[in-house]
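Close look at the chain arrangement
As a plain string of letters, each chain reads:
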Amino acid sequence: MTLTPSQKAELARTLAALDKQVRDDMRAALLQSGDQKYIDLAGMVHDLGDEAVANELIDLDDALIERHLQELREIEAAKRRVAGGSTNRCIDCNDDIGYERLLAYPVAVRCIVCQGQHEKTRTHEATPRM
Ligand SMILES: [Zn+2]
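Just so it is clear, the model here is predicted, and its values are computed rather than measured.

Moving on, we get to the overall build of the chain. Scanning the chain from terminus to terminus reveals six helices and zero strands. Beginning at the N terminus, the succession of helices and strands in the chain can be written as α-α-α-α-α-α. Burial status across the chain gives 18% buried among its 130 residues. Within the chain, contacts between residues at least 6 apart in sequence are counted, and of these 49% link residues at least 24 apart.

In structure tokens, the structure reads:
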């Protein structure tokens with residue numbers, strides 16, 4: 001299944017909204033820290049994409065900020081997939097991920113079946129049954 005232009009547009013909108021939300025969260029987290037260096041960077045969060053700002057944030061070596069940056073990277077990758085029209089393929093089985101799933105979870109790279117498998121595998125890695 002190929003995404004129709006209107007589905008692409010809808011996904012792009014969803015991703016843009018998600019992107020803004022993550023940046024807002026990150027900005028709030030920086031402001032709440034009370035640390036002047038963080039507060040200075042909070043004003044630049046919406047300019048991310050600027051490598052220098054991203055690198056400064058990475059240098060903070062803060063788990064919460066790192067998680068937000070990771071989310072932004074996933075959103076960025078999803079935007080590229082939407083633009084390239086390859087959004088809809090599962091990276092594991094190459095089946096359709098499904099438009100409904102993408103709308104609900106636009107950064108998804110796996111279909112629901114493979115995602116379930118993937119999470120099961122990870123759980124096993126975390127708690128090996130010896
Ligand atoms: Zn799959």
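And the narrative resumes.
Once that is clear, we can look at helix H4 (residues 63–84). Under the 1.5 Å per step criterion, the end-to-end length of H4 is 31 Å for 22 residues, consistent within 8% with the ideal 32 Å. Against helix H1 (5–32) and helix H3 (51–59) lie the buried residues of H4. Just beyond H4, the residue with positive phi is Gly85, at close to 80°.

Once that is clear, we can look at the nonpolar core. Among the nonpolar cores identified, the biggest contains 17 residues, and Leu15, Met26 and Ile75 are the most heavily contacted of them. Secondary structure elements with two or more residues in this core: H1 and H4.

On to unusual backbone geometry. A positive phi angle, near 65°, is found at Asn94, a position not held by glycine. Structurally, Asn94 can be placed in the loop between H4 and helix H5 (99–104).

The next thing to look at is H1. For H1, with 28 residues, the first-to-last C-alpha span of 40 Å sits near the 40 Å given by 1.5 Å per residue. Within the sequence span of H1, burial applies to Leu11, Leu15, Asp19, Val22, Met26 and Leu30. Close packing links the buried residues of H1 with helix H2 (36–42), H4 and H5. Among the residues trailing H1, Gly34 stands out with phi positive, at a value near 75°.

Reading guide: rules and limits
Residues numbered from 1 in each chain as written. Predicted model: local features only at pLDDT ≥ 70, side-chain atom pairs only at ≥ 80, totals over all residues. Helix = DSSP H or I, 4+ residues; strand = E, 2+ residues; numbered from the N terminus. Buried ≥ 20, exposed ≤ 12 C-beta atoms within 10 Å, placed from the backbone. Contact = placed C-beta atoms within 7 Å. Expected span 1.5 Å × (residues − 1). Core = buried A, V, L, I, M, F, W, Y, C linked by C-beta atoms within 7 Å.

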